[in-house]
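Take a look at the letters that make up each chain.
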Amino acid sequence: KSGDAVAEIGCGEAGVLDAFIAAGATKPLGTDISTYRLGVGKKIADSLGLQLTLTEHDIIGNQPQEDWRNAYNLVLLRDVIEHLDDTYAALRNIRNIIAPKGWLYVTFPPYNSPFGGHQHLLQNGWGKLPYMHLLPDALFQPMIQTSKRPADIEEVQRLRNIRLSAAKFKDAAQKAGYIIRHEEYYLFRPVFKLKFGLPTIKVTALSGLPLVTQLFSLEAAYLLQLPE
């Protein structure tokens, strides 16, 4: 709600955070490991006349700064958690910046979903194939090596090692001390409505079926809270 303090972890160019500022967010904080993306984000925010704090920070390797602690009513982790090598450590550290009765909102594509391996990053035709990231190494490794950008090959390989599923995320969240207040699963990611004009289709009602959350949900979304 307007007036809430909002932080975004892994904010990139902070476009999502900018939207929250426009909606009345206060003390806006964006963190990322990429100084370049943060620099672009600062230029965008300045051009829009928005005031925010953008800082380089590794949520796994670095403890939150003292002035962030217990300070944010809402923390955003949008399409970031699947890239982090230690899901539990990230969630544990984020706990320190959430204000009493505050919330953590997390979205990510489960690894076993059609493009959960982020193979679409690859600069080759194989990246257009759904589920290709689930192939055995003997097939998968030669397919990704034909991409033209080494950084994308490395990132696709990292996600293959992490393999964050909905079940793994929920387990890590509960071990980190969160209560899962709400969860949603989408056949089409909500952002596809803006990008491609596709309808937003929820499959949450079928989430009790493992195949729905593991293989068919292109996006999972969770609203977490700490116990009082």
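A quick note: this is a predicted structure, and the numbers were derived from the prediction, not measured. (Residues numbered from 1 in each chain as written. Predicted model: local features only at pLDDT ≥ 70, side-chain atom pairs only at ≥ 80, totals over all residues. Heavy atoms only, no water.)

Caption draft 1: Focus on the overall build of the protein chain. Helices and strands together make up the secondary structure of the protein chain, namely eight helices and seven strands. Along the first, second and third principal axes, the C-alpha set of the protein chain runs to 50 × 40 × 35 Å. Going through the 228 residues of the protein chain one by one, you find that 47% of them count as buried. For the protein chain, the computed accessible surface area is about 11500 Å², with 58% contributed by carbon and sulfur atoms. (Helix = DSSP H or I, 4+ residues; strand = E, 2+ residues; numbered from the N terminus. Buried < 20%, exposed > 50% of the residue type's maximum accessible area, 1.4 Å probe, protein only. Areas by Shrake-Rupley, 256 points an atom, 1.4 Å probe, with all protein chains shown as cover.)

Caption draft 2: Looking closely at the packing of aromatic side chains. The tally for this structure, following the rule as stated, stands at five aromatic pairs. When the ring of Phe108 is compared with that of Tyr222, the centres are 6.2 Å apart and the planes differ by 20°; the resulting orientation is stacked. With Phe108 in strand β5 (residues 98–108) and Tyr222 in strand β7 (residues 219–225), this residue pair connects regions lying 114 residues apart in the sequence. Given the relative accessible area of 0%, Phe108 is considered buried. The buried category is assigned to Tyr222, whose relative accessible area is 0%. Taking 4.8 Å as the distance between ring centres and 35° as the angle between the ring planes, the aromatic pair formed by Phe169 and Tyr222 counts as tilted. With Phe169 in helix α6 (residues 166–175) and Tyr222 in strand β7, the pair connects residues that are 53 residues apart, well separated along the chain. Feature note: the residues Phe108, Phe169, Tyr185 and Tyr222 constitute an aromatic cluster, connected by ring pairs. (Phe/Tyr/Trp six-rings, centres within 6.5 Å; stacked < 30°, edge-to-face > 60°.)

Caption draft 3: Main features of the nonpolar core. Residues Ile81, Leu91, Leu104, Phe169 and Tyr178 are the most contacted members of the largest nonpolar core, which totals 36 residues. At the level of secondary structure, the elements contributing two or more residues to this core comprise β1 (5–9), β4 (72–78), α3 (87–94), β5, α6 and β7. Not counting chain neighbours up to four residues away, the residues in contact with Leu91 comprise Leu77, Ile81, Leu104, Phe169, Ala172, Ala173, Ala176 and Tyr178. Membership of the second largest hydrophobic core comes to 13 residues, among which are Leu17, Ile21, Ala45 and Leu74. (Core = buried A, V, L, I, M, F, W, Y, C linked by side-chain atoms within 4.5 Å. Contact = heavy atoms within 4.5 Å.)

Caption draft 4: Looking closely at the pairing of β7. In terms of burial, β7 is largely enclosed, as six of its seven residues are buried. Alignment of β5 against β7, held across six bridges, turns out to be antiparallel. Bridge pairing in β7 places Phe108 opposite Ala220. Sheet topology places strand β6 (residues 179–186) next to β7; seven bridges connect them, and they run antiparallel. (Pairing = 2+ DSSP bridges.)

Caption draft 5: Focus on the confidence of the model for the protein chain. Model confidence for the protein chain is summarised by a mean pLDDT of 94, while 100% of its residues fall at 70 or above. When pLDDT is averaged over each element of the protein chain, β1 comes out on top at 98 and helix α8 (residues 210–216) at the bottom at 81. (pLDDT = per-residue confidence, 0-100.)

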